[in-house]
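Below are the chains, spelled out letter by letter.
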Amino acid sequence: MNEPGAVPPWLAQPWQALVLRAAAGHLPGGLLVTGAEGVGKGLLVSALLQRLFCERATGTQPACGECGGCRGFLGGVHPELHDVMPPEPGKDIPVDAVREAGEFLALSGSGDWRVLRLHPADAMNASAANALLKTLEEPPAGGLIVLESARPSALPATIRSRCEDLHLPAPDLEAARDWLAAGAPDSSAVDEAWAASLGRPVVAAELLADPERHAAWRQEREALAELLQTRELHSAVTHLARCNLETLLPRWQALLLSAQRWLVSGEVDRFAAQFPPDRLQAFARERGARGLASLVQESRRWQRQARAQLNPQLRLEDMAAAMLPQATASRLASRGRSGAY
Ligand SMILES: [Zn+2]
């Protein structure tokens, strides 16, 4: 088990820096925590807020987990914290929610801190962001506004310029291994979850904890392994249709990058190690550097189109056709003839 209240090792340094600044009264009024999905933004912010509300911890000790402040925070009922989230995943944060949050922050509290937490902040619609701007311009004493975002470029520049940006880089596996091992049966399960998560520790931890997600990954891995060797359009479409494209496509892309790496350096990376080596190598050799590069481009295009309203069956057939070796060759040839490539 990981120690309660403690931050994961790859977040320890930014966490300590924030706690020391808070003690010195040097936290900014607006803090924007950025980094890829699953890198641990929420873990860092939760550990920081619990520590700010903890009535016992001193210095850079983690929150005690037992005092009234900790229990209020962990129970989701701390009176000095106002959480703002979309009403449902994928929906906007509406303007009313941000106005209400601004009124909360303006009331004087009983403790040292009064905190607004917006996650994900990029879910605010334009009028919500505008309402937050007023609060960010004049944060009250002891008021802290924390925004979490994996897509900070989707936030208005006026919001970003009024916050201090704290970017969390993705850790490497060795920095996250012990933390993940606490929830894993053995080290090969950690390696597998890390590969499946594409290097995102929180996603890897969820995969280790949730049998359904684990089963979905195993099914995708099987489909990807089949896509490496199938030569039939129908079979490729069938394998694709069984998977969730939102998770499958980034993994297909990771597999292509693994194939490129193997072709160039002979190195079998962590993602490639989840697949039969002879199959990936035969695939890489057959496609060659140019074929793999064009598949990577196609895969990026499919991911950009992921939310477009396309005919799902046609979309699967388009993808499957591009994945097959002979189809790739004839498509490249026809593009060459028309001068479009
Ligand atoms: Zn405490």
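Here, every reference points to the structure presented above.
As the structure is a prediction and not an experimental result, all values here were calculated from the model.

(A) Looking closely at the overall build of the protein chain. Helix and strand content of the protein chain: 15 helices and five strands. The C-alpha extent of the protein chain, read off along each of the three principal axes, is 70 × 45 × 30 Å. Residue burial in the protein chain is summarised as follows: out of 341 residues, 46% are buried. Pairs at least 24 apart in sequence give 69% of the contacts found in the protein chain among residues at least 6 apart. Here the protein chain displays about 17,300 Å² of accessible surface, and carbon together with sulfur accounts for 51% of that area. Distance between charge centroids for the protein chain: 7 Å, based on 35 positive and 39 negative side chains.

(B) Molecular detail of the coordination of the zinc ion. At this site the zinc ion is bound by Cys 54 (SG), Cys 64 (SG), Cys 67 (SG) and Cys 70 (SG), with donor distances of 2.3 to 2.4 Å. Coordination geometry of the zinc ion: the four donor atoms subtend angles of 105 to 116° at the metal centre, consistent with an arrangement described as tetrahedral. All donor residues of the zinc ion come from one chain, and their arrangement in sequence is C-x9-C-x2-C-x2-C. Relative accessible area serves as the criterion here: at 27%, Cys 64 is assigned to the partly exposed category. Taking the relative accessible area as the measure of exposure, Cys 67 reaches 4% and is therefore buried.

(C) Geometry of the packing of helix α4 (residues 95-106) against helix α5 (residues 126-137). Where α4 meets α5, the closest approach of the two axes is 8 Å, and the angle between their N-to-C directions is 15°. It follows from the interaxial angle that α4 and α5 lie roughly parallel. Read as a crossing pair, α4 and α5 show a hand that is right-handed. Taking contact as the criterion, the partners of Val 95, Val 98, Arg 99, Gly 102 and Leu 105 in α4 are, on α5, Ser 127, Ala 128, Ala 131, Leu 132 and Thr 135. Residues belonging to the contact of α4 with α5 are distributed by class as follows: six nonpolar, three polar and one charged.

Definitions and limits used
Residues numbered from 1 in each chain as written. Predicted model: local features only at pLDDT ≥ 70, side-chain atom pairs only at ≥ 80, totals over all residues. Heavy atoms only, no water. Helix = DSSP H or I, 4+ residues; strand = E, 2+ residues; numbered from the N terminus. Buried < 20%, exposed > 50% of the residue type's maximum accessible area, 1.4 Å probe, protein only. Contact = heavy atoms within 4.5 Å. Areas by Shrake-Rupley, 256 points an atom, 1.4 Å probe, with all protein chains shown as cover. Lys, Arg positive; Asp, Glu negative; His and termini not counted. Charge placed at Lys NZ, Arg CZ, Asp CG, Glu CD. Donors = N, O, S within 2.8 Å, 3.2 Å for Na, K, Ca; no water. Tetrahedral: all angles 85-135°; square planar, octahedral: opposite > 155°, others 65-115°. Axes fitted to C-alpha atoms, helices over the stretch in contact; angles between N-to-C directions. Parallel < 35°, antiparallel > 145°, perpendicular 65-115°, else oblique. Left-handed = near helix turned anticlockwise from the far one by under 90°. Nonpolar A, V, L, I, M, F, W, Y, C, P; charged D, E, K, R; others polar.

From the geometry alone we can't say anything about function, so treat these as descriptive.
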